[in-house]
Amino acid sequence: MDALIKSIRPNKPTDAKASELDPAEFMAAAVRADQPRPSRAEAEDAVKTLLAYIGENTGREGLLDTPRRVVEAYDELYQGYHQCPAEVLNRTFGETAGYDDFVLVRDIEFTSQCEHHMMPFYGKAHIAYTPVERVVGLSKLARLTDIFARRLQTQEHLTAQVAAAIDEVLKPRGVAVLIEAEHTCMSVRGVAKHGASTFTSRFTGMFRDNPAEQQRFLSLVRGPNR
């Protein structure tokens, strides 16, 4: 299915254009230098409060360093807020010998955090784009995925952001993104259905307009080694 994002921000139009992402909202680092933020000590105190809430003794030996460790883990898990997606894609190469087919990077592993429960979801992203004269380094598509994944996310939004960023910076003839993931907020809590997979996709340009190109992309993703 094609991932359509409906804006939850007030005073936004509700026509078809509202399903498209505004690049100004996600192409730069999400945290500005002048943005007010709690101190590290305040963040550690918040972790201590949560530990007390679940009934733990925050003074016992095993938990004395837990607030510090949790905040350090957050710095790693959510580093995408401090990284700029546009910068990752800005360096391109023109020596393509007239290559005019799409480029596919398959099986990009990622881990993200669900914005509803702050629990992990993880899986693989498959990304293709059809370049116009210039191509981007293959590792950059993996780095781009990680930047968006290292933020609080929904899978639908992650899928749409990756596709829109490639569209915005590289201006290709088309982009195809397919993400498959397991969500721990569904597998280890709630309905507790371990092993259930969620698939989301986004197609732009020639992939959106040409079903044969969509099918070729999906065939290569599923491939003989799947």
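Given the structure is predicted, the values throughout are model-derived calculations rather than measurements. (Residues numbered from 1 in each chain as written. Predicted model: local features only at pLDDT ≥ 70, side-chain atom pairs only at ≥ 80, totals over all residues. Heavy atoms only, no water.)

Quick notes on the pattern of salt bridges
- Taken as a whole and assessed by the stated rule, the structure comprises 10 salt bridges.
- For Arg60, the salt bridge goes to Glu56, with nearest N and O atoms at 2.9 Å.
- Owing to a relative accessible area of 28%, Glu56 belongs among the partly exposed residues under this scheme.
- Linked through salt bridges whose partners overlap, the residues forming this network are Asp65, Arg68, Arg69 and Glu72. (Salt bridge = Lys/Arg side-chain N within 4 Å of Asp/Glu carboxyl O. Buried < 20%, exposed > 50% of the residue type's maximum accessible area, 1.4 Å probe, protein only.)

Quick look at the sheet that holds strand S7 (residues 198-204)
- On the basis of which strands lie adjacent, the open sheet formed by five strands has the order S5-S2-S3-S6-S7 and mixed pairing. Because the sheet does not close on itself, it has two edges, and the strands there are strand S5 (152-153) and S7.
- Here strand S3 (residues 120-130) pairs with strand S6 (residues 174-183) via 10 bridges, running antiparallel. Opposite Ile127, over in S6, you have Val177 as the bridge partner.
- Seen against the sheet, helix H5 (residues 155-170) touches strand S2 (103-114), S3, S5, S6 and S7 and runs at an angle of roughly 155° to S6. (Pairing = 2+ DSSP bridges. Helix = DSSP H or I, 4+ residues; strand = E, 2+ residues; numbered from the N terminus. Contact = heavy atoms within 4.5 Å. Axes fitted to C-alpha atoms, helices over the stretch in contact; angles between N-to-C directions.)

Some remarks on the packing of helix H1 (residues 40-53) against helix H2 (residues 66-77)
- For the pair H1 and H2, interaxial distance at closest approach is 8 Å and the crossing angle is 115°. When the axes of H1 and H2 are compared, the crossing they make is right-handed. Contact with H1, carried on its side by Arg40, Ala43, Glu44, Val47, Lys48 and Leu51, involves Thr66, Pro67, Arg68, Val70, Val71, Glu72 and Asp75 of H2 and no other residues of that element.
- Its residues placed into classes, the contact of H1 with H2 shows six nonpolar, one polar and six charged. (Left-handed = near helix turned anticlockwise from the far one by under 90°. Nonpolar A, V, L, I, M, F, W, Y, C, P; charged D, E, K, R; others polar.)

With respect to the side chain of Arg151
- Note that Arg151 resides in the loop between helix H4 (138-149) and S5.
- Buried charge Arg151 goes without a salt bridge, the closest partner of opposite sign being Glu87 at 10 Å. (Lys, Arg positive; Asp, Glu negative; His and termini not counted.)

Focus on the pairing of S7
- The element S7 is extensively covered by neighbouring structure, given that five of its seven residues are classed as buried.
- As paired strands, S6 and S7 are joined by seven bridges and run antiparallel to one another. Looking at the pairing, Ile179 lines up with Thr200 of S7.

Focus on the nonpolar core
- By size, the foremost hydrophobic cluster in this structure holds 35 residues, and its most contacted members are Leu89, Phe110, Tyr129, Leu141, Val162 and Ile166.
- If you list the elements that add at least two residues to this core, you get helix H3 (85-89), S2, S3, strand S4 (135-136), H4, H5 and S6.
- Counting residues per element, this core draws most heavily on H5, at eight residues.
- Dropping the residues within four chain positions of it, Leu141 is found in contact with Leu89, Val105, Ile108, Ile127, Tyr129, Val136 and Ile166.
- Counting nine residues, the second-largest nonpolar core is a separate cluster that includes Leu178, Phe207, Leu218 and Val221. (Core = buried A, V, L, I, M, F, W, Y, C linked by side-chain atoms within 4.5 Å.)

Some remarks on unusual backbone geometry
- Not every positive phi belongs to a glycine, and Ala97 is a case in point at roughly 55°.
- Considering the arrangement of structural elements, one finds Ala97 in the loop between strand S1 (92-93) and S2.
- Look at Ala97 and you get exposed, because its relative accessible area is 85%.
- Positive phi outside glycine occurs at Lys171, with the angle close to 50°.

Side note on the side chain of Gln155
- Within the fold, Gln155 resides in helix H5.
- Reaching out from Gln155, the side chain makes a polar contact with the backbone oxygen of Ile179 at a distance of 3.0 Å. (Polar contact = N/O pair within 3.5 Å; in protein donor to acceptor, adjacent residues only side chain to side chain.)

Let's talk about H4
- Here H4 is 12 residues long and its end C-alpha atoms lie 18 Å apart, about the 16 Å a rise of 1.5 Å per residue gives.
- Residues of H4 that are buried include every one of Leu141, Leu144, Thr145, Ile147, Phe148 and Ala149, and no others.
- Buried residues belonging to H4 abut H3, S2, S3, S4, S5 and H5. (Expected span 1.5 Å × (residues − 1).)

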